[in-house]
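# Inside the fold
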Amino acid sequence: MSKEIMHNNDIHILGKKIFLRSLRKKDASENWWKWFNNDNVTRYMAKGASKNTIAKQVTFFERITESENDLALAICDAKNGFHVGTTALHNIDWITGSAQFGIIIGEEDYWGQGIGTEAWSLFTDFGFSKLKLKLIKTKIFKENSPSLKIAKKCGFKEIALLQKDVSKNGGHFDRYLLELTKIAWENVRDRRNS
(Lines give C-alpha, C1' and ligand atoms only; values in the text may rest on other atoms or scores of the structure.)
Protein backbone atom coordinates (compact mmCIF):
# COMPACT_ATOMS: atom_id res chain seq x y z
CA MET A 1 0.00 0.00 0.00
CA SER A 2 1.39 3.41 -0.89
CA LYS A 3 0.19 5.70 -3.66
CA GLU A 4 -3.19 3.97 -3.97
CA ILE A 5 -4.08 5.15 -0.46
CA MET A 6 -4.14 8.78 -1.60
CA HIS A 7 -7.76 8.68 -2.74
CA ASN A 8 -9.06 6.50 0.06
CA ASN A 9 -11.71 8.68 1.70
CA ASP A 10 -11.93 6.43 4.72
CA ILE A 11 -8.52 6.72 6.40
CA HIS A 12 -8.85 6.39 10.17
CA ILE A 13 -5.82 6.22 12.48
CA LEU A 14 -6.64 5.75 16.15
CA GLY A 15 -4.47 7.18 18.90
CA LYS A 16 -5.07 7.66 22.63
CA LYS A 17 -6.23 11.28 22.89
CA ILE A 18 -6.96 11.78 19.19
CA PHE A 19 -7.64 10.07 15.92
CA LEU A 20 -6.72 11.11 12.40
CA ARG A 21 -9.32 10.78 9.67
CA SER A 22 -9.87 11.72 6.05
CA LEU A 23 -10.99 15.30 5.59
CA ARG A 24 -14.59 15.97 4.59
CA LYS A 25 -15.92 18.84 2.52
CA LYS A 26 -18.09 20.01 5.43
CA ASP A 27 -14.91 20.48 7.54
CA ALA A 28 -14.04 23.42 5.29
CA SER A 29 -17.17 25.35 6.27
CA GLU A 30 -16.95 24.56 9.98
CA ASN A 31 -14.01 25.75 12.12
CA TRP A 32 -11.17 24.77 9.78
CA TRP A 33 -11.30 27.93 7.65
CA LYS A 34 -11.40 30.19 10.72
CA TRP A 35 -8.07 28.96 12.10
CA PHE A 36 -6.16 30.77 9.35
CA ASN A 37 -7.69 34.10 10.38
CA ASN A 38 -6.41 33.74 13.95
CA ASP A 39 -3.06 35.51 14.31
CA ASN A 40 -2.22 33.46 17.39
CA VAL A 41 -2.76 30.18 15.52
CA THR A 42 -0.87 31.25 12.38
CA ARG A 43 1.93 33.10 14.19
CA TYR A 44 4.49 30.45 13.19
CA MET A 45 3.08 29.63 9.77
CA ALA A 46 3.68 30.95 6.28
CA LYS A 47 -0.13 31.17 6.05
CA GLY A 48 -2.28 33.79 7.71
CA ALA A 49 -1.03 36.91 5.93
CA SER A 50 -4.27 37.23 3.96
CA LYS A 51 -7.87 36.72 5.04
CA ASN A 52 -9.23 33.22 4.66
CA THR A 53 -12.81 32.42 3.65
CA ILE A 54 -15.01 29.34 3.45
CA ALA A 55 -14.70 29.46 -0.35
CA LYS A 56 -10.89 29.49 -0.15
CA GLN A 57 -10.93 26.57 2.29
CA VAL A 58 -13.30 24.57 0.04
CA THR A 59 -10.97 25.22 -2.91
CA PHE A 60 -8.01 24.02 -0.82
CA PHE A 61 -9.98 20.93 0.27
CA GLU A 62 -10.80 20.07 -3.35
CA ARG A 63 -7.21 20.57 -4.48
CA ILE A 64 -5.70 18.56 -1.63
CA THR A 65 -8.14 15.66 -1.94
CA GLU A 66 -7.52 15.38 -5.70
CA SER A 67 -3.74 15.66 -5.38
CA GLU A 68 -1.46 12.75 -6.20
CA ASN A 69 1.32 14.28 -4.09
CA ASP A 70 -0.41 15.61 -0.95
CA LEU A 71 -2.31 13.90 1.84
CA ALA A 72 -4.01 15.89 4.59
CA LEU A 73 -5.96 14.41 7.50
CA ALA A 74 -8.19 15.88 10.19
CA ILE A 75 -7.00 15.68 13.81
CA CYS A 76 -10.01 14.88 16.01
CA ASP A 77 -10.63 14.56 19.75
CA ALA A 78 -10.96 10.83 20.50
CA LYS A 79 -13.72 11.48 23.06
CA ASN A 80 -16.14 13.55 21.00
CA GLY A 81 -14.83 13.53 17.41
CA PHE A 82 -14.34 17.33 17.41
CA HIS A 83 -12.06 18.50 14.58
CA VAL A 84 -9.20 20.34 16.31
CA GLY A 85 -6.51 20.50 13.63
CA THR A 86 -5.05 19.08 10.46
CA THR A 87 -1.82 17.40 9.54
CA ALA A 88 -0.40 16.83 6.08
CA LEU A 89 2.33 15.32 4.01
CA HIS A 90 2.95 17.62 1.06
CA ASN A 91 5.06 17.38 -2.08
CA ILE A 92 5.29 13.61 -1.85
CA ASP A 93 7.97 12.39 -4.23
CA TRP A 94 7.05 8.78 -4.96
CA ILE A 95 10.38 8.13 -6.68
CA THR A 96 12.68 9.24 -3.84
CA GLY A 97 10.17 8.46 -1.07
CA SER A 98 10.27 11.92 0.50
CA ALA A 99 7.61 14.34 1.72
CA GLN A 100 7.15 17.63 3.61
CA PHE A 101 5.29 17.41 6.95
CA GLY A 102 2.95 20.09 8.24
CA ILE A 103 0.54 20.43 11.16
CA ILE A 104 -1.85 22.94 12.67
CA ILE A 105 -3.74 22.66 15.94
CA GLY A 106 -6.38 25.27 15.24
CA GLU A 107 -8.40 24.98 18.44
CA GLU A 108 -6.41 26.81 21.11
CA ASP A 109 -8.23 24.99 23.94
CA TYR A 110 -6.35 21.88 22.83
CA TRP A 111 -2.88 23.41 23.02
CA GLY A 112 -0.43 22.07 25.60
CA GLN A 113 -2.17 18.69 25.96
CA GLY A 114 0.14 16.52 23.87
CA ILE A 115 -2.22 16.56 20.87
CA GLY A 116 0.47 17.83 18.50
CA THR A 117 2.98 15.22 19.66
CA GLU A 118 0.49 12.40 19.22
CA ALA A 119 -0.70 13.61 15.80
CA TRP A 120 2.89 14.11 14.66
CA SER A 121 3.84 10.57 15.77
CA LEU A 122 0.76 8.88 14.29
CA PHE A 123 1.12 10.54 10.90
CA THR A 124 4.89 10.07 10.76
CA ASP A 125 4.41 6.36 11.40
CA PHE A 126 1.67 6.23 8.75
CA GLY A 127 3.94 7.97 6.24
CA PHE A 128 6.74 5.48 6.73
CA SER A 129 4.68 2.29 7.15
CA LYS A 130 1.75 2.81 4.75
CA LEU A 131 3.04 5.32 2.21
CA LYS A 132 6.48 3.67 2.16
CA LEU A 133 8.31 6.98 2.60
CA LYS A 134 12.02 6.99 3.35
CA LEU A 135 12.45 10.63 4.40
CA ILE A 136 10.14 13.22 5.93
CA LYS A 137 11.17 16.89 6.08
CA THR A 138 9.64 19.82 7.91
CA LYS A 139 10.32 23.53 8.27
CA ILE A 140 9.76 25.21 11.63
CA PHE A 141 9.99 28.89 12.51
CA LYS A 142 13.10 29.55 14.60
CA GLU A 143 10.97 31.04 17.40
CA ASN A 144 8.54 28.09 17.51
CA SER A 145 10.14 26.22 20.40
CA PRO A 146 7.09 23.95 21.12
CA SER A 147 7.14 22.54 17.56
CA LEU A 148 10.91 22.21 17.58
CA LYS A 149 10.66 20.24 20.81
CA ILE A 150 8.03 17.89 19.33
CA ALA A 151 10.05 17.39 16.15
CA LYS A 152 13.17 16.45 18.08
CA LYS A 153 11.15 14.15 20.36
CA CYS A 154 10.00 12.34 17.19
CA GLY A 155 13.62 12.01 16.02
CA PHE A 156 13.86 14.88 13.51
CA LYS A 157 17.34 16.37 13.13
CA GLU A 158 18.17 19.98 12.30
CA ILE A 159 19.74 20.14 8.85
CA ALA A 160 19.95 23.89 8.22
CA LEU A 161 18.79 27.31 9.33
CA LEU A 162 17.03 28.90 6.36
CA GLN A 163 17.50 32.63 6.86
CA LYS A 164 14.64 34.94 5.87
CA ASP A 165 12.82 31.90 4.51
CA VAL A 166 9.35 33.40 4.96
CA SER A 167 8.13 36.93 4.25
CA LYS A 168 4.96 37.73 6.15
CA ASN A 169 3.25 40.91 7.37
CA GLY A 170 6.24 43.04 6.37
CA GLY A 171 8.78 40.88 8.22
CA HIS A 172 11.23 38.14 7.29
CA PHE A 173 11.49 35.00 9.35
CA ASP A 174 14.08 32.25 9.69
CA ARG A 175 13.03 28.61 9.69
CA TYR A 176 14.87 25.43 10.56
CA LEU A 177 14.87 22.61 8.05
CA LEU A 178 14.60 19.28 9.85
CA GLU A 179 14.61 15.75 8.49
CA LEU A 180 13.70 12.29 9.73
CA THR A 181 14.69 9.06 8.01
CA LYS A 182 12.64 5.89 8.25
CA ILE A 183 15.48 4.16 10.12
CA ALA A 184 15.74 6.98 12.67
CA TRP A 185 11.96 6.90 13.20
CA GLU A 186 11.97 3.13 13.73
CA ASN A 187 14.65 3.57 16.41
CA VAL A 188 12.57 6.22 18.19
CA ARG A 189 9.42 4.10 17.94
CA ASP A 190 11.20 0.97 19.20
CA ARG A 191 12.63 2.86 22.20
CA ARG A 192 9.13 4.10 23.09
CA ASN A 193 7.66 0.61 22.82
CA SER A 194 10.35 -1.14 24.88
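Keep in mind it's a predicted model, so treat the numbers as computed, not measured.

### Topic: the overall build of the protein chain
The number of helices and strands found in the protein chain is six helices and eight strands. In sequence order, the secondary structure elements of the protein chain are arranged as β-β-α-α-α-β-β-β-α-β-α-β-β-α. Viewed in the frame of its principal axes, the protein chain has a C-alpha envelope of about 45 × 40 × 35 Å. When burial is assessed residue by residue, the protein chain has 46% of its 194 residues classed as buried. The contacts in the protein chain between residues at least 6 apart in sequence include a share of 61% that link residues at least 24 apart. By element, 50% of the accessible surface of the protein chain is carried by carbon and sulfur atoms, the whole surface being about 10,300 Å².

### Comments concerning the layout of surface pockets
Considering only enclosed or pocket space, the largest pocket measures out at about 1,200 Å³ in volume. The wall of the largest pocket is formed by 45 residues, among which Met-45, Ile-103, Ile-104, Asn-144 and Ser-147 lie closest to the centre. Residue assignment for the lining of the largest pocket shows that the elements contributing at least two residues are α2 (39-42), α3 (54-66), β4 (83-93), β5 (98-105), α4 (115-129), β6 (135-141) and α5 (145-153). Top contributing element to the lining of the largest pocket by residue count: β5, with six residues. Grouping the amino acids of the lining of the largest pocket by side-chain chemistry returns 22 nonpolar, 15 polar and eight charged. By volume, the second largest pocket amounts to about 350 Å³. Forming the walls of the second largest pocket are Gly-15, Lys-16, Thr-117, Glu-118, Ser-121, Leu-122, Asp-125, Trp-185, Arg-189, Arg-192 and Asn-193. Per-element accounting of the lining of the second largest pocket gives the leading share, five residues, to α4. When grouped by side-chain class, the residues that make up the lining of the second largest pocket number two nonpolar, four polar and five charged.

### Focus: the nonpolar core
Within the largest apolar cluster, 35 residues are counted, with the highest numbers of intra-cluster contacts made by Leu-20, Ile-75, Leu-89, Trp-120, Phe-123, Leu-133 and Phe-156. Ranked by residue count, the leading element in this core is α4, at seven residues. Leaving out residues up to four positions away in the same chain, Phe-156 has contacts with Trp-120, Thr-124, Ile-136, Lys-137, Thr-138, Ala-151, Leu-178, Glu-179 and Leu-180. The next biggest cluster of nonpolar side chains, apart from the first, holds 17 residues, and it includes Leu-23, Met-45, Phe-61 and Cys-76.

### Regarding the side chain of Ser-98
Counting through the fold element by element, Ser-98 comes out in strand β5. Only 3.1 Å separates the side chain of Ser-98 from the side chain of Thr-96, close enough to count as a polar contact. If near-sequence neighbours (up to four positions away) are discounted, Ser-98 is found in contact with Asn-91, Ile-92, Asp-93, Leu-133 and Leu-135.

### Some points on α5
Turning to α5, its buried residues are Ser-147, Leu-148, Ile-150 and Ala-151. The arc that holds every buried residue of α5, seen down its axis, measures 160°, which confines them to one face. Across from the buried face of α5, at angles greater than 90 degrees, the exposed residues are Pro-146, Lys-149 and Lys-153. In this fold, the buried residues of α5 make contact with α4, β6 and β8 (171-181). Residue Gly-155 follows α5 closely and has a positive phi angle near 100°.

### Concerning the sheet that holds β5
The strand order β1-β2-β3-β4-β5-β6-β8-β7 describes an open sheet built from eight strands, whose pairing is mixed. With one partner strand each, in any of the chains shown, β1 (12-14) and β7 (157-168) form the two edges of the open sheet. Neighbouring strand axes in the sheet, compared pairwise and without regard to direction, differ in orientation by 25° on average. Sheet analysis places β4 next to β5, joined by seven bridges and oriented antiparallel. Residue pairing for β5: Thr-86 is matched across the bridge by Ile-104. On the sheet, helix α1 (residues 25-35) packs against β2 (18-22), β4 and β5 and is oriented at approximately 85° with respect to β4.

So, how was this worked out
- Residues numbered from 1 in each chain as written.
- Predicted model: local features only at pLDDT ≥ 70, side-chain atom pairs only at ≥ 80, totals over all residues.
- Heavy atoms only, no water.
- Helix = DSSP H or I, 4+ residues; strand = E, 2+ residues; numbered from the N terminus.
- Buried < 20%, exposed > 50% of the residue type's maximum accessible area, 1.4 Å probe, protein only.
- Contact = heavy atoms within 4.5 Å.
- Areas by Shrake-Rupley, 256 points an atom, 1.4 Å probe, with all protein chains shown as cover.
- 1 Å grid on protein atoms, 1.4 Å probe; cavity = no way out; pocket = protein on both sides within 12 Å on 5 of 7 lines; lining within 4 Å.
- Points joined across faces, edges and corners; volume = space filled by probe spheres on them.
- Nonpolar A, V, L, I, M, F, W, Y, C, P; charged D, E, K, R; others polar.
- Core = buried A, V, L, I, M, F, W, Y, C linked by side-chain atoms within 4.5 Å.
- Polar contact = N/O pair within 3.5 Å; in protein donor to acceptor, adjacent residues only side chain to side chain.
- Arc of directions from axis to C-beta.
- Pairing = 2+ DSSP bridges.
- Axes fitted to C-alpha atoms, helices over the stretch in contact; angles between N-to-C directions.

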